[in-house]
Number of protein chains: 2
Amino acid sequence: MISDQKVIGVDVGGTKIAAGLVSAEGKIVSAVRRLTDVSSPEATLDSISRSIFSLTEKLKLDIHELGPIGFGIPGLVDRNSGIGIASVNLGWKNVKVRSGLESRLGVRCVIENDVRAGALGELRFGTAKGYKNFVYLNIGTGISAVVILDGAFYSGVNGIAGEIGHAVIDPGGPLCKCGGQGCFEAIASGPAIAQRAIKKIRNGKSSMLSLDGQGPLNTITPEEIFIAAEQKDGLALEVINEVGGFIAHALEYLVLAYDPQIIVIGGSICLKSKILNRIISQKLQELSDQSWVFAKAYRKGLIRLSTLGNNAGVFGAAALVS
Amino acid sequence: MISDQKVIGVDVGGTKIAAGLVSAEGKIVSAVRRLTDVSSPEATLDSISRSIFSLTEKLKLDIHELGPIGFGIPGLVDRNSGIGIASVNLGWKNVKVRSGLESRLGVRCVIENDVRAGALGELRFGTAKGYKNFVYLNIGTGISAVVILDGAFYSGVNGIAGEIGHAVIDPGGPLCKCGGQGCFEAIASGPAIAQRAIKKIRNGKSSMLSLDGQGPLNTITPEEIFIAAEQKDGLALEVINEVGGFIAHALEYLVLAYDPQIIVIGGSICLKSKILNRIISQKLQELSDQSWVFAKAYRKGLIRLSTLGNNAGVFGAAALVS
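We now turn to the structure provided with this report. (Residues numbered from 1 in each chain as written. Chains lettered and ligands numbered in written order. Predicted model: local features only at pLDDT ≥ 70, side-chain atom pairs only at ≥ 80, totals over all residues. Heavy atoms only, no water.)

**Points about the environment of Ser49(B)**
Residue and element names in this part refer to chain B.
Thought 1: Position of serine 49 among the secondary structure elements: in helix H1 (residues 41–58).
Thought 2: Exposure remark for serine 49: the relative accessible area of 4% places this residue in the buried category.
Thought 3: C-alpha of serine 49 to C-alpha of alanine 229: the two residues are 180 residues apart in sequence and 40 Å apart in space.
Thought 4: Apart from the residues lying within four places of it in its own chain, the contact partners of serine 49 are Leu101, Arg104 and Leu105. (Helix = DSSP H or I, 4+ residues; strand = E, 2+ residues; numbered from the N terminus. Buried < 20%, exposed > 50% of the residue type's maximum accessible area, 1.4 Å probe, protein only. Contact = heavy atoms within 4.5 Å.)

Structural data, given as structure tokens:
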């Protein structure tokens with residue numbers, strides 16, 4: 001455990017890799033971003049290594065003078081064995097990630113699932129600092145929650161505890177990548193929000209997002225929907241209103257299940273839309289005003305957005321080794 | 001802790017009190033049932049005491065030769081201070097239950113919320129014997145879950161953890177006693193199941209339950225609905241099918257939240273209807289067949305009915321002192 005010096009944290013995504021040098025006080029000294037080469041596991045490990053060497057060259061650092069390097073990796077990760085068990089985004093299965101990185105870099109490496117690393121990042125550097133019982137809910141391309149009880153991960157018997165992205169919250173709703181129907185992830189993840197807007201446009205609803213039939217509908221992004229909502233586009237507001245209601249219900253579930261000190265929301269979705277967050281807060285307040293049981297656990301400040309910004313993934317990876 | 005001798009457990013309900021002598025091996029040696037006098041807190045404490053004296057007289061036992069007596073009590077209970085904080089069914093608020101009972105009985109008393117006691121009963125005498133991580137879901141007049149992690153109650157920061165009876169699972173659904181709308185309890189508790197049938201009959205659906213308009217509709221009980229369903233009454237089957245689907249979704253949620261070793265279902269509802277249980281099992285299997293994430297935690301035998309039968313409340317109370 002090196003807490004009095006700087007460490008490198010690497011956020012490995014399916015599209016981009018971000019490597020950053022993080023100080024013990026929680027400042028990003030410097031960071032680089034590189035595209036992820038997913039053509040093969042070996043190529044991916046090469047591109048991860050290159051991103052780190054870019055950073056050390058930029059900073060004129062000798063990698064061997066630093067401590068171990070932390071890596072947040074999407075999908076199923078076995079931290080102890082250093083194996084990347086499965087990752088849809090990286091296209092790998094049972095890859096010896098840690099040893100592959102250690103042989104390329106010549107330093108000790110620690111790998112962990114990126115959402116778990118995100119929770120540790122919040123605990124070490126972010127909104128959850130000082131808390132021992134909290135839930136970290138990541139809403140991005142996928143949705144999952146990480147639960148910290150008494151300062152340690154609570155994983156359950158099969159490592160599934162907190163996978164509420166796959167709880168059915170809208171029976172008969174959209175199909176989910178897991179095979180389920182109406183899962184939380186199939187409603188409130190980035191791709192799901194985009195699909196909801198596209199479906200409404202296909203059904204003939206007018207919107208500035210439809211580009212008058214000129215643009216390729218499938219390229220609508222959640223960010224564009226958020227922008228359109230800010231400009232009072234009716235369809236975008238409808239989408240955000242619906243999705244916000246579902247997110248509020250899922251948060252209510254989490255509160256009633258774990259009754260935590262705080263819930264931190266990370267991931268790309270909620271951080272990008274003030275309107276979405278306002279709707280979520282309003283719905284939660286309504287639920288609390290209605291139910292005296294929920295009101296016993298709910299209060300302003302219980303549910304918070306990550307404050308780590310775009311570098312949350314780097315902070316999370318750094319928290320693995322700091 | 002007296003484990004090598006018999007103890008008295010008392011299940012205090014809003015209508016009836018059951019006092020039983022329970023052996024260390026988990027047999028009910030004898031039990032008595034008395035009506036609960038809820039005219040005042042003092043009268044309630046008197047009727048609780050009388051039920052115990054009936055039992056000891058029947059068995060020709062000297063109460064002082066036994067160890068402490070355990071009491072399962074509905075509503076909010078502070079076990080440590082011995083206060084009954086609030087109970088709608090007993091109509092009391094901040095009643096010194098333990099000292100009131102100890103002065104009447106002359107022996108040490110232990111009080112606990114009845115659902116928590118129920119979970120301990122399953123752990124000591126029932127289906128959860130030998131498990132350290134399980135959820136006890138009570139579906140009766142109300143709905144709540146008790147969570148045991150590492151062999152101890154997990155209560156959360158405000159004592160609300162597990163109160164999923166008040167999670168909204170059907171937005172826009174029936175009003176709940178808590179003030180919420182579409183809470184799990186407002187859909188699947190005994191009174192809620194009866195209300196669902198009554199509403200369908202009022203809306204003109206025919207059923208053997210409607211008594212051809214001769215009977216008072218409001219007296220329909222869940223038990224009658226279960227009997228009608230066994231006799232293939234369409235409306236009763238429709239009610240049970242709808243309710244079973246909601247219960248399955250709530251169970252899925254509990255599995256994804258806690259990923260426990262087992263979930264034990266207690267309370268009066270699921271134990272009374274084979275059809276309801278079959279529907280719940282079918283829906284859970286469907287959810288598991290669809291979603292590979294849920295399938296990682298779900299398996300046959302994960303969710304079980306209490307095996308303690310009608311005396312579950314007595315076993316729970318006895319578990320407090322054995």
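Back to the write-up after that little detour.
**Regarding the sheet that holds strand S13 (residues 303–305) of chain B**
All names here are of chain B.
Thought 1: As summarised here, the arrangement of the 5 strands in space is S11-S10-S9-S12-S13, forming an open sheet in which the pairing is mixed. Each end of this open sheet is capped by a strand with a single partner; those strands are strand S11 (152–154) and S13. Across the sheet, the mean angle from the axis of one strand to that of its neighbour is 30°, orientation sign disregarded.
Thought 2: As paired strands, strand S12 (residues 262–266) and S13 are joined by 3 bridges and run parallel to one another. Bridge pairing links valine 264 to arginine 304 in S13.
Thought 3: Sheet strands touched by helix H3 (residues 114–125): strand S9 (134–139), strand S10 (143–149), S11 and S12. Its angle to S9, the strand with the most contacts, is close to 130°. (Pairing = 2+ DSSP bridges. Axes fitted to C-alpha atoms, helices over the stretch in contact; angles between N-to-C directions.)

**Considering the pattern of salt bridges**
Thought 1: Following the criterion strictly, the structure yields 18 salt bridges over all chains and no others.
Thought 2: Arg79(A) is the partner of Glu112(A) in a salt bridge, and the nearest nitrogen-oxygen pair spans 3.6 Å. Here Glu112(A), found in strand S8 (residues 109–113), pairs with Arg79(A), found in the loop between strand S5 (76–78) and strand S6 (83–87); they are 33 residues apart in sequence, far enough to count as distant.
Thought 3: On the accessibility criterion, Glu112(A) (3% relative accessible area) is buried.
Thought 4: Take Arg79(A): its relative accessible area is 31%, and that puts it in the partly exposed class.
Thought 5: The partner of Arg104(B) in a salt bridge is Asp46(B), and the shortest N-O contact between them spans 2.7 Å. In this pair, Arg104(B) sits in helix H2 (residues 97–105) while Asp46(B) sits in helix H1, placing the two residues 58 residues apart along the sequence.
Thought 6: Judged by relative accessible area, which is 23%, Arg104(B) ranks as partly exposed. (Salt bridge = Lys/Arg side-chain N within 4 Å of Asp/Glu carboxyl O.)

**Side note on unusual backbone geometry**
Thought 1: Phi angles above zero are rare outside glycine, and Lys232(A) is one such case at about 65°.
Thought 2: Along the chain, the position of Lys232(A) falls in the loop between helix H6 (222–230) and helix H7 (234–258).
Thought 3: Residue classification places Lys232(A) among the exposed residues on the basis of a relative accessible area of 67%.
Thought 4: If you check the backbone angles, Asn94(B) has positive phi at about 50° while not being a glycine.
Thought 5: When you line up the elements, Asn94(B) lands in strand S7 (residues 92–96).

**Some words on the side chain of Ser54(B)**
Thought 1: Note that Ser54(B) resides in helix H1.
Thought 2: Here the side chain of Ser54(B) touches Arg34(B) through a polar contact of 3.3 Å, side chain to side chain. (Polar contact = N/O pair within 3.5 Å; in protein donor to acceptor, adjacent residues only side chain to side chain.)

**Structural notes on the relation of the copies chain A and chain B**
Thought 1: Rotating chain A by 180° about the axis while translating it 0.0 Å along that axis superimposes it on chain B, leaving an RMSD of 0.1 Å. Within this description, the copies of the chain are treated as partners about a two-fold rotation axis.
Thought 2: Both copies share a contact surface, since 95% of the interface residues of chain A are interface residues in chain B too. (Least-squares fit on C-alpha atoms with pLDDT ≥ 70 in both.)

**Examining helix H5 (residues 190–202) of chain B**
All names here are of chain B.
Thought 1: Its 13 residues place the ends of H5 19 Å apart at the C-alpha level, agreeing with the 18 Å of an ideal helix rising 1.5 Å per residue.
Thought 2: Those residues of H5 that sit buried are Gly190, Ala192, Ile193, Ala194, Arg196, Ala197, Ile198, Lys200 and Ile201.
Thought 3: Packing partners of the buried residues in H5 comprise helix H4 (185–188), helix H6 (222–230) and helix H7 (234–258).
Thought 4: Downstream of H5 by a residue or two, glycine 204 has a phi angle that is positive, lying close to 100°. (Expected span 1.5 Å × (residues − 1).)

**Some points on the pairing of S10(B)**
All names here are of chain B.
Thought 1: Among the 7 residues in S10, 7 count as buried, and that is most of the element.
Thought 2: On S10, burial covers both faces: Ile143, Ala145, Val147 and Leu149 on one face and Ser144, Val146 and Ile148 on the other are all buried.
Thought 3: When S9 meets S10, the two strands line up antiparallel, connected through 6 bridges. Pairing of isoleucine 139 across the sheet is with isoleucine 143, part of S10.
Thought 4: Summarising the sheet, S10 and S11 pair through 3 bridges and their orientation is antiparallel. The residue of S11 that forms the bridge with valine 147 is tyrosine 154.
Thought 5: Linking S10 to S11, which pair antiparallel, is a turn of 2 residues; within it aspartate 150 sits at a positive phi near 50°.

**Quick word on the pairing of S7(B)**
A regular strand places its side chains on the two faces of the sheet in alternate fashion.
Residue and element names in this part refer to chain B.
Thought 1: Summarising the sheet, strand S6 (residues 83–87) and S7 pair through 4 bridges and their orientation is antiparallel. The residue bridging serine 87 from the neighbouring strand is tryptophan 92, located in S7.
Thought 2: Taking the residues between adjacent antiparallel strands as the criterion, S6 and S7 are bridged by 4 residues, where glycine 91 takes a positive phi near 65°.

**Section: the sheet that holds strand S2 (residues 16–22) of chain B**
Residue and element names in this part refer to chain B.
Thought 1: Taken together, 5 strands build an open sheet; the order of strands is S3-S2-S1-S4-S8 and the sheet is mixed. A single partner strand is all that each edge strand has here, and the edge strands are strand S3 (28–35) and strand S8 (109–113). Each neighbouring strand pair of the sheet contributes to a mean axis angle of 20°, computed without reference to strand direction.
Thought 2: With 7 bridges connecting them, S2 and S3 associate as antiparallel partners. Across the sheet, leucine 21 pairs through a bridge with serine 30, a residue of S3.
Thought 3: Sheet strands touched by helix H10 (residues 312–319): strand S1 (7–12), S2, S3 and strand S4 (69–73). Its angle to S1, the strand with the most contacts, is close to 125°.

**Examining the packing of aromatic side chains**
All names here are of chain A.
Thought 1: Inspection of every chain in the model, using the stated rule, returns 6 aromatic pairs over all chains.
Thought 2: Arranged with centres 5.3 Å apart and planes meeting at 50°, the rings of phenylalanine 125 and phenylalanine 315 form a pair that is tilted. With phenylalanine 125 in helix H3 (residues 114–125) and phenylalanine 315 in helix H10 (residues 312–319), the pair connects residues that are 190 residues apart, well separated along the chain. The residues phenylalanine 125 and phenylalanine 315 share a single accessibility class, namely buried.
Thought 3: Stacked on the ring of phenylalanine 153, the Lys or Arg arginine 116 has its end atom at 4.1 Å from the ring centre. (Phe/Tyr/Trp six-rings, centres within 6.5 Å; stacked < 30°, edge-to-face > 60°. Lys NZ or Arg CZ within 6 Å of the ring centre and 35° of its normal.)

**Brief notes about the interface of chain A and chain B**
Thought 1: Across the boundary between the two partners, chain A contributes 39 residues, which contact 38 residues of chain B.
Thought 2: Buried area between chain A and chain B, both sides added, is near 3,400 Å², and the carbon and sulfur share of it is 59%.
Thought 3: Together, Ile160(A), Tyr253(A) and Asp259(A) form the three largest contributors to the area buried by chain A at its contact with chain B, with a combined 18%.
Thought 4: Scanning the region where chain A abuts chain B turns up 0 salt bridges.
Thought 5: The interface formed by chain A and chain B holds 20 residue pairs in polar contact (both at pLDDT 80 or more) in total.
Thought 6: Per-element accounting of the side of chain A that touches chain B gives the leading share, 7 residues, to H7(A).
Thought 7: Taken together, the residues of the side of chain A that touches chain B sort by class into 21 nonpolar, 13 polar and 5 charged. (Buried area = accessible area lost by both parts, 1.4 Å probe. Nonpolar A, V, L, I, M, F, W, Y, C, P; charged D, E, K, R; others polar.)

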